Every structure is written in C-alpha cells, then in structure tokens.
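Inside the fold
Here is what each chain is made of, one letter per residue.
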Amino acid sequence: MIECKSPINSEIIATINSTKPDDLEAIYKDSADAFRIWSHLSLKERLKYMQALRKYLVEMGDELSREISKATGKPVIEAYTSEILAVIEAIKYYEKTAEDILSTKKVSSPLYFKPKKSYVEYRPLGTVLVISPWNFPFSLSMVPTISALIAGNSVILKPSFETLAVGKLIERIFTALNFPKKIVQVVYANSNSGLGEKLIDLKPNKIFFTGSTATGKKILKQASEHLIPVELELGGKDPMIVFKDANLERAASAAVWGAFTNSGQVCLSVERAYVQEEVYDEFLSLVKGKIGELWQGTEPYADLGCMTSENQVRIVKSHIEDAKLKGAELYTKAEMIDNNKFISPVLLSSVNHDMLVMREETFGPVLPVMKFRYEDEAVELANDSIYGLGASIFTSDANKASRVSSKLNAGVIAINEVIVPVANMALPFGGVKASGMGRYHGKEGLLSFVNEVGIVEDTGIKNKEIQWFPYSKNKMNLFKKMVKMLYS
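Figured I'd write up the structure that's included with this text. Note that the structure is a prediction, hence the values are computed from the model and not measured. Position numbers for residues start from 1 in each chain and track the written sequence from start to end. Reporting of local features is limited, given that this is a predicted model, to residues whose pLDDT is at least 70; pairs of side-chain atoms are given and counted only at 80 or more, and all residues count toward the totals for whole chains, interfaces and linings. To obtain the side-chain values, all non-hydrogen atoms of the structure were included, while hydrogens and water were left out.

1. Concerning the overall build of the protein chain
A run of H or I in DSSP becomes a helix once it reaches four residues, and a run of E becomes a strand once it reaches two; helices and strands are each numbered from the N terminus. Helix and strand counts for the protein chain come out as 14 helices and 20 strands. Over its C-alpha atoms the protein chain spans a radius of gyration of 26 Å, differing by no more than 12% from the 23 Å that the globule rule assigns to 488 residues. Along the first, second and third principal axes, the C-alpha set of the protein chain runs to 85 × 60 × 40 Å. Three labels apply to residues, based on accessible area from a 1.4 Å probe with only protein chains included: buried if under 20% of the type maximum, exposed if over 50%, partly exposed otherwise in between. Taking all 488 residues of the protein chain together, 53% fall into the buried category. Note that accessible areas follow from Shrake-Rupley with a 1.4 Å probe, and for residues the cover is restricted to the protein chains shown. Only carbon and sulfur atoms are counted for the fraction: they give 53% of the accessible area of the protein chain, which is about 22700 Å². Positive charge is attributed to Lys and Arg, negative charge to Asp and Glu, and no charge count is given to His or to the chain ends. By convention, charge coordinates are those of NZ in Lys, CZ in Arg, CG in Asp, or CD in Glu. Looking at the protein chain, you have 59 positive and 58 negative side-chain charges, and the mean spots of the two groups are 10 Å apart. Only C-alpha atoms enter the radius of gyration, while the globule expectation follows 2.2 Å times N to the 0.38, with N the number of residues.

Structure (structure tokens):
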C-alpha cells in the first residue's frame, strides 16, 4: 500500500495498492485485447467518448480542481485553468480537427506512374506507454492519453510517484464514463521501484515521456534496445529578453507570472531574464513591487501555493545558495512561510552564467535577472544553454522581435507574452537540444501516435510494367528520353 500525502500539510489523501511487477504481462495482454476492439471503432465513435469526457470535465471541473490542488499544492484556480481547462481545450480541438487530420490523404504521383494512385493511411500503433510528471499531473497525463486514444491506441499510464492520487483520479474518470475496459490502465509505483524499466522491457508500441532530461536519456537508451519509438518532452531553461523599448510594466508583470506561476514548476517557466542595461534598474524595481503584492498560502485563490516535490525544494535551495555565494543579490518577502514546501518567490540580480541558477533547470519560484547591452549579446546569452524548450521576447519593435525570434534555439517562442504557446492546441509543442524530441498538440499530436502508411494502387489491367524484366538497350534509351523530356 502507498500512502499519498498532500504537500500542503502532509495529510493522507489517498491509499493506493502498488502495481506488482508480476502483473505487468497481464496488463499488457489486456491492453492489446482492448486495442483490437478500440481500434476497430470508427473515429466518430471514439470521438463520442471524448465528447462525454469533455462534458464531464466541464461539469465536474470545480470538484476535480480541488482534488488536484490538494495533491499538488497549487492554488485551485491554477489547477482549474492549467489542468482541467487545458484538457477540455485539447478534446475540443481534436473534436473539430481529428477527422481531417486522420482521414486518408491522396497524394500526387509522378507522371510515369499513370494510371496508378498514391495515398497515405494513418493507422494506430497499438499500446502506448505514457509516463507523466508531477508538476501538471492531470493535464500532462490526459493530453497525450486522449491523443493516443483518438488515434486508435490503448494506453498504459504510469503517473509520477509524487502525485499518484491524481493517477487514481484519472482512473476513476475513465471508469465513470464507461470507456471500454482496459483501454486505459494506470500503474502505480513508489520511487525507485524499477517498474518503469520493466514496463519498457515489455515493449510497448510507443513511449511518451514528460519529465526531466536525465530520466529522458535513460528511457531513450533502454527503448533503443527494443527499437521502441520514443517522444520526449523534457526540461527547459527558458530565457526572457527585455529590450529597452518594451512596455516595461507588461514585461515585469509577465516575468513575475512566468517565473512564479505553479511556484515556478512549469517546463516553460521564465528561468532566466535578460534586460537591456538602460532599463535594468527600472525593471528590477517594478518586479520587486509586484513580488510584494503576491499572495502565497493555502487559500483556493492565492497566487502561489507550495512546491510539490521535496527533492525539488532541495534543488531550488541549492541554486539560491550557490548564486548568493557567487555574488548574486537576493530579494524576497520571506525566506520560507513555514518549514514545509512553501518557498517565497525569489528575485536574484547581479547574476552570471557561472551560477547554477543560470545553467541548470531550477524548477522553482526563482527569477534571476541579468543585464545586456546589445541585441546580439542578448541572443548569445539566451542560446547559451543545453536546453531549448521556450523563449520570450519583449519589444515594441515588430521587426526586432521577428529578427531575434529567428535566431533563438527554441521549440516555441512567445513575443510580448510568456508560456502561452503551450496553451494553443493548434501549435506543435516540444523542444530542441536537451529539451527533448518530437512534438505534440496540433496535428502533430495525433500523427505522433500513428503509423503513416504510404500506398500505391494500380488497376492491375496491364500484364507488366516498363521497369520490370527483361532489361535491354532499347529500354535504357527509352528511359533516357523520358528523363530528358520530364526533367530537363
């Protein structure tokens, strides 16, 4: 039995039976059986289940967000908008677009193919293993799960050990809505159980992982032994560039929300801010004022809640201490609210790239701010990272925004905004460099869960084709004439 405790006050909120390793083969067999049934349903039938799920989330969103808040420590309003609403929007997007995305596509054929036809079919993969994180345990489990389901796959979900109660919540929802049995199965394990490795060794048809870069590398290495396709949505160290011509009031507000929403536990958090030296002091002053107005606590509508993971608390503190030792100046309302997981938002100035807080993913309520002089310097600093998930640019000059954007090594970019590209389901989402591989959301979010099968069809009337045996000199001359005619 695993006791799930709220990070807010260590209250036991759920007691869950851990999944036995000996049960995994049966879980995979059940998943394969469910896949055979589910994949033969029409897309319209699968979307009817999704419509029921969407309506359930709309109806039960308030209650569900409170459960998620208790399991993660985030304010209820954040649980509602970033967890419940995100999934509702994903379902609605695919209700509108899935038929067009997954319908068989006729493609052009070379002239010499006549009268053959060429087309692409999109076929489901089989069983998809979704390994989800603790920072957004509902939405980052549900969006890849529903994407896989719409594409016709079955799903085995392994939620993070930090938020197993949310995994139980997800299991409850699919049961309540009478989805086909075993089409979504949730497995539960404590930290260091080895269950994840065993799940991979049983050879799912695809792995979709969201989490740290270090864990992603381990999954990729193990999956490569079985040639399992893997999609990795990994960490970030997102830069925010603020030019002197920016709307500083907006930029400061964006930096505070971008760095501190969900206590900084967002893959697209503003983890580094670079501010042009002419407005550096004014920007710091504005940010300090806005930090002073933040409300942190356990109330449903507080601005900040607490951290979710004890291990992440240690990482955040170590980054802060390292920065202070290397000369950074710290501003915060209070070092801690109590001795639990509440870390007050921290502003660090006088920082440089020798500090951990500017190089490693902090994933906590910390905003380091560094000044720059010229545009090229800002781009160089922003790109000076192993990560490349997101980036943001603040300027009133549209040409400058476009120019700088084109030089940033990132998977998603926001101009005079932060974080929001992930909220637009029409946009592909994912990173470059150590931030991962693959894309989801948008049409890519469905196509990543199918095999794209290219088909050429002939009428079968002719007895043979020109390129078939036997070869001859005359046939070679014919090919050369055809090439000159078609391609000269």
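2. A word on the packing of helix α8 (residues 248-260) against helix α9 (residues 280-292)
Interhelical geometry of α8 versus α9 gives an angle of 55° and a closest axis separation of 9 Å. On the basis of their axis angle, the class for α8 and α9 is oblique. Along this stretch, α8 crosses α9, giving a crossing that reads as right-handed. When α8 is examined against α9, the residues L248, E249, A251, A252, S253, A255, V256 and F260 are found in contact with a partner set consisting of E282, F283, L286, V287, K290 and I291. Side-chain classes are defined by residue name, with Ala, Val, Leu, Ile, Met, Phe, Trp, Tyr, Cys and Pro counting as nonpolar, Asp, Glu, Lys and Arg as charged, and the others, Gly among them, as polar. Looking at side-chain class alone, the contact of α8 with α9 contains ten nonpolar, one polar and three charged residues. The convention used is that axes are lines fitted to C-alpha atoms, helices contributing only their stretch in contact, and that angles between N-to-C directions extend from 0 to 180 degrees. These descriptions rest on fixed angle ranges, namely under 35 degrees for roughly parallel, over 145 for roughly antiparallel, 65 to 115 for roughly perpendicular, and the rest for oblique. When the near helix sits turned anticlockwise from the far one by under a right angle, the crossing is termed left-handed; a clockwise turn instead gives a right-handed crossing. Should any heavy atoms of two residues lie within 4.5 Å, those residues are considered in contact.

3. Considering the sheet that holds strand β13 (residues 346-349)
Read from one edge of the open sheet, seven strands run β12-β13-β14-β11-β10-β16-β17, paired in mixed fashion. On the outer flanks of this sheet lie β12 (329-332) and β17 (412-415), each paired with one strand and no other. Mean inter-strand twist for the sheet, computed between neighbouring axes without regard to direction, equals 20°. Here, a strand pair is defined by DSSP locating no fewer than two bridges between the strands. Relative to strand β16 (residues 390-394), strand β10 (residues 238-242) runs parallel, the two being bridged by three bridges. Bridge assignment links I241 to a residue of β16, and that residue is I393.

4. A word on a nonpolar patch on the surface
Taken together, the side chains of I77, W295 and Y301 define a hydrophobic patch exposed on the protein surface, amounting to about 340 Å² of accessible area. One can find W295 in the loop between α9 and α10 (310-325). Judged by relative accessible area, W295 falls into the partly exposed class, the value being 41%. Within the patch definition used here, like charges are joined within 9 Å and nonpolar side chains (Val, Leu, Ile, Met, Phe, Trp, Tyr) within 5 Å, considering only residues with over 30% relative accessible area and no salt bridge. Salt bridge, as applied in this entry: a Lys or Arg side-chain nitrogen positioned within 4 Å of an Asp or Glu carboxyl oxygen.

5. Points about the sheet that holds strand β4 (residues 117-124)
Two pairing modes exist for strands in a sheet, parallel and antiparallel, and in both the strands are linked by backbone hydrogen bonds. The three strands lie next to each other as β3-β4-β20, forming an open sheet whose pairing is antiparallel. Bordering the open sheet on either side are β3 (105-107) and β20 (450-457), each of which pairs with just one other strand. Neighbouring strand axes in the sheet, compared pairwise and without regard to direction, differ in orientation by 30° on average. The sheet contact formed by β4 and β20 spans eight bridges and is antiparallel. Residue pairing in the sheet places Y122 in a bridge with E452 of β20.

6. Things to note about helix α7 (residues 213-224)
The span you would expect from a helix comes to 1.5 Å times its residue count less one. The terminal C-alpha atoms of α7, which comprises twelve residues, lie 16 Å apart, in line with the 16 Å expected from a rise of 1.5 Å per residue. Among the residues of α7, those classed as buried are T213, G216, I219, Q222 and A223. Against the buried residues of α7 lie β5 (127-131), α6 (195-201), β8 (206-210), β9 (230-233) and β15 (387-388).

7. Looking at the nonpolar core
Ranked by size, the top nonpolar core spans 95 residues in total, and within it L53, L57, F138, F283 and L367 carry the most contacts. No other element matches helix α3 (residues 76-102), which puts eleven residues into this core. Contacts of F138, omitting those with residues within four sequence positions, involve L57, I68, E83, I84, V87, V166, L169, I170 and I173. Among buried residues, the Ala, Val, Leu, Ile, Met, Phe, Trp, Tyr and Cys ones that are joined through side-chain atoms within 4.5 Å form a nonpolar core.

8. Comments concerning the packing of aromatic side chains
For Phe, Tyr and Trp, where Trp contributes only its six-membered ring, two rings pair if their centres lie within 6.5 Å, and the inter-plane angle classes them as stacked under 30 degrees, edge-to-face over 60, or tilted in between. One pass over the structure, following the stated rule, counts twelve aromatic pairs. An aromatic cluster of at least three residues, connected via ring pairs, comprises W38, Y49, F174 and F179. Charges are assigned to positions over rings by a cutoff of 6 Å between ring centre and Lys NZ or Arg CZ, combined with an angular limit of 35 degrees from the ring normal. Its end group placed over the ring of F449, K206 keeps NZ or CZ at 5.3 Å from the ring centre.

9. Considerations on the pattern of salt bridges
Scanning the entire structure with this criterion turns up 23 salt bridges. The salt bridge involving D62 is made with R66; its shortest N-O contact spans 3.5 Å. Highlighted residues: D62 and R66, both in helix α2 (residues 43-72), separated by four residues, approximately one helical turn. A salt bridge links E278 to K244; the shortest N-O distance between them is 3.6 Å. Linking E278 in the loop between β11 (270-276) and α9 with K244 in the loop between β10 and α8, this pair joins segments that are 34 residues apart in sequence.

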